Structures are given as C-alpha cells and as structure tokens.
Amino acid sequence: PQGTRDYSPKQMAIREGVFSTIVACFKRHGAEVIDTPVFELKETLTGKYGEDSKLIYDLKDQGGELLSLRYDL
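A few points on the structure. As the structure is a prediction and not an experimental result, all values here were calculated from the model.

Definitions and cut-offs
Residues numbered from 1 in each chain as written. Predicted model: local features only at pLDDT ≥ 70, side-chain atom pairs only at ≥ 80, totals over all residues. Heavy atoms only, no water. Helix = DSSP H or I, 4+ residues; strand = E, 2+ residues; numbered from the N terminus. Contact = heavy atoms within 4.5 Å. Areas by Shrake-Rupley, 256 points an atom, 1.4 Å probe, with all protein chains shown as cover. Pairing = 2+ DSSP bridges. Buried < 20%, exposed > 50% of the residue type's maximum accessible area, 1.4 Å probe, protein only. Phe/Tyr/Trp six-rings, centres within 6.5 Å; stacked < 30°, edge-to-face > 60°. Lys NZ or Arg CZ within 6 Å of the ring centre and 35° of its normal. Expected span 1.5 Å × (residues − 1).

1. A short note on the overall build of the protein chain
Thought 1: Along its length, the protein chain carries two helices and three strands.
Thought 2: The linear arrangement of helices and strands in the protein chain, starting from the amino end, is α-β-α-β-β.
Thought 3: Of the contacts formed within the protein chain by residues at least 6 apart in sequence, a portion of 47% connects residues at least 24 apart.
Thought 4: By element, 55% of the accessible surface of the protein chain is carried by carbon and sulfur atoms, the whole surface being about 6,200 Å².

2. Observations regarding the sheet that holds strand β3 (residues 66–70)
Thought 1: Here three strands make up an open sheet; going across it, the order is β1-β3-β2 and the pairing antiparallel. The sheet terminates laterally at β1 (40–41) and β2 (56–60), the two strands that pair on one side only.
Thought 2: Inspection of the sheet shows β2 paired to β3 by five bridges, in the antiparallel sense. Note on β3: the bridge partner recorded for L59 is L67.

3. Things to note about the pairing of β3
Thought 1: Most of β3 sits out of view: four of its five residues are buried.
Thought 2: Alignment of β1 against β3, held across two bridges, turns out to be antiparallel. Note on β3: the bridge partner recorded for L41 is L67.

4. Some details on the packing of aromatic side chains
Thought 1: Counted according to the given criterion, the structure contains zero aromatic pairs.
Thought 2: Looking at R15, its charged tip hangs above the ring of Y7, at a distance of 4.1 Å from the centre.

5. Points about the environment of F39
Thought 1: If you trace the backbone, F39 turns up in the loop between α1 (9–28) and β1.
Thought 2: Overall, F39 belongs to the partly exposed group, its relative accessible area being 28%.
Thought 3: Considered as a pair, F39 and L59 are 20 residues apart in the sequence and their alpha carbons are 8.8 Å apart.

6. Regarding α1
Thought 1: Look at α1: 28 Å from first C-alpha to last across 20 residues, which is about the 28 Å you get at 1.5 Å a residue.
Thought 2: Phi turns positive one or two residues past the end of α1, at G30, with a value near 95°.

In structure tokens form, the structure reads like this:
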C-alpha cells in the first residue's frame, strides 16, 4: 500500500545487524522465530476478531484499501 517505507542498502545493513542481535538473544532464552504481516486487509482481521472487536486498529490508506493492525502491533 502507498505510504509504506523503503530502506536503502545502508539502512538495511544496520537493521539486519540490530535484528540479528535481538533474535540471537531471544533464541538463547528459548524463543522461536515467527513472521507475521505488519498490517492486513481489514476484512481479514474482522473475520478473525469480529467487527466490533477492540483488538484491531484501522489505518487510512491513500490507495483506497481498508487496512488494519492487530492490537499487538
């Protein structure tokens, strides 16, 4: 969707270094890695949590899509 950010190669190198340090620390303590979308289509989340649920946050997309974040993001 419009408005998402792109990172330069230099920025990505820094981000990957930080994330790898964090992931290694969590793994040492028994955590497992998962990957989930940062945001999803609103219809997908309302199907999971219900229309009136307070577990999602709506986002306004300039491209016309109805997007939402889960409560934990």
